[in-house]
Amino acid sequence: MSTPATGAATLAPRRSSRFVAWVRAWRAGLVPYDEVADAIAGNEEHLVADAPGTWTDVPLGAALPTLAKLSPDEIRLVLPAPGDPRGLPGPGDFAGAALVTGEAVVAGGLGLIPEVRSHTSGSGDCFETVLWRVYPLPANAPAASLSLPGAAEAEAELAAALAETTAALTRLDVAQWRPELAGALAALRRPDGATDLPPGFDPRARRLFARAAVLDRVLALAGHAAPGGAINNYEAQQRDAALRPLTAACRQALVAACNAPLRF
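Per chain, the residues get numbers from 1 upward, laid out in the order the sequence is written. Given that this is a predicted model, residues contribute local features only at a pLDDT of at least 70 and side-chain atom pairs are listed and counted only at 80 or more, while totals for whole chains, interfaces and linings are drawn from all residues. With hydrogens and water stripped out, all remaining heavy atoms of the structure feed into the side-chain values.

A. The packing of helix α2 (residues 15-27) against helix α3 (residues 33-41), seen in detail. Where α2 contacts α3, the axes come no closer than 9 Å and their chain directions differ by 175°. By the angle between their directions, the pair α2 and α3 is classed as roughly antiparallel. For the pair formed by α2 and α3, the contact residues are Arg 18, Phe 19, Trp 22, Val 23 and Trp 26 on the first element and Tyr 33, Val 36, Ala 39 and Ile 40 on the second. Broken down by class, the residue content of the contact of α2 with α3 amounts to eight nonpolar, no polar and one charged. Angular values range over 0 to 180 degrees, each being the angle between N-to-C directions of two axes fitted as lines to C-alpha atoms, with helices fitted over their stretch in contact. Here a strand is any run of E in DSSP of at least two residues, a helix any run of H or I of at least four, and the numbering for each starts at the N terminus. The scheme is simple: roughly parallel for angles under 35 degrees, roughly antiparallel for over 145, roughly perpendicular for 65 to 115, oblique for anything else. By definition, residues are in contact when any of their heavy atoms lie within 4.5 Å. The residue classification treats Ala, Val, Leu, Ile, Met, Phe, Trp, Tyr, Cys and Pro as nonpolar and Asp, Glu, Lys and Arg as charged. All others, Gly included, are polar.

B. Looking closely at empty space enclosed by the protein. Residues are called lining when one of their atoms sits within 4 Å of a cavity or pocket point, these points coming from a 1 Å grid over the protein atoms alone, where a cavity is a set in which a 1.4 Å probe fits but cannot get out and a pocket is an open set with protein on both sides within 12 Å along at least five of seven lines. Grid points are joined across faces, edges and corners, and a volume is the space filled by probe spheres set on the points. Enumeration over the complete set of coordinates arrives at one cavity of 30 Å³ or more. Empty space within the largest cavity amounts to approximately 70 Å³. In terms of lining, the largest cavity is formed by Phe 19, Val 48, Ala 51, Pro 52, Leu 60, Ala 63, Leu 64, Thr 66, Leu 67, Leu 110, Leu 112 and Val 134. Sorting the residues of the lining of the largest cavity by element identifies α4 (60-63) and β5 (110-120) as the ones contributing at least two each. Tallied by class, the residues present in the lining of the largest cavity amount to 11 nonpolar, one polar and no charged.

C. Structural view of the side chain of Arg 14. Turning to its location among the elements, Arg 14 is positioned in the loop between α1 (4-8) and α2. Any pair of nitrogen or oxygen atoms within 3.5 Å is treated as a polar contact; in protein, a donor-acceptor pairing is required on top of that, and neighbouring residues in sequence qualify only through side-chain atoms on both sides. Here Gly 102 takes part through its backbone oxygen, which lies 3.3 Å from a polar atom of the side chain of Arg 14. Once you skip the residues sitting within four places of it in the chain, Arg 14 turns out to touch Leu 79, Gly 102, Glu 103, Asp 216, Arg 251 and Leu 254.

The values reported here are purely geometric and, on their own, carry no functional implication.
Quick look at the structure:
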């Protein structure tokens, strides 16, 4: 039976990860420009604010030429968290906003952060639009001094963290008070091999992205309180402590997969 957690596994991964993967593939000449905006947006409306040379919000496709002179290696994903600013340039408006949002794109001298806006139509349907806000980065701003793992290291760290977290949640009897989370974690042991990455990424990056993208959605669900207050504060703290290493490993796995060297 489908549960909220297993359903979360089918949702789109972080918007910044799709942006980076598809724009890098475009700049490598592996996908045509005409496909990039639609691949990033999916069924959502994506606009861009404060893009160089524009005076108002513009469709994503109209802003992409701003990045046309960049090489794939100049475009990278960052998924910072409090206490872990790896990949961010020096302090500034972009770094501060990226830490609040938890995801961002570094593209040459520009930074982009997705702002998700929820809307309700006249008929009561709910939908979201995404506004990519562009920030100029400080000239010659250094990246964070902490190094980022490569795909092989990130894959090993993710596998170890998943095993450790699964064991911890079993000891906490998570199946009793959060059965949908336990079921979703178990489902990760049976990846279907699907990937959302465009051409140019090697099999390891694809495998890593597929697993980390699913897990990222499960962890987002796990951050919410159990339905009906089924757990107390102590149990919630235990759960959060068990999930913390896996959350960090998942973020770094997505970063490593999306920033992996491309095969031209």
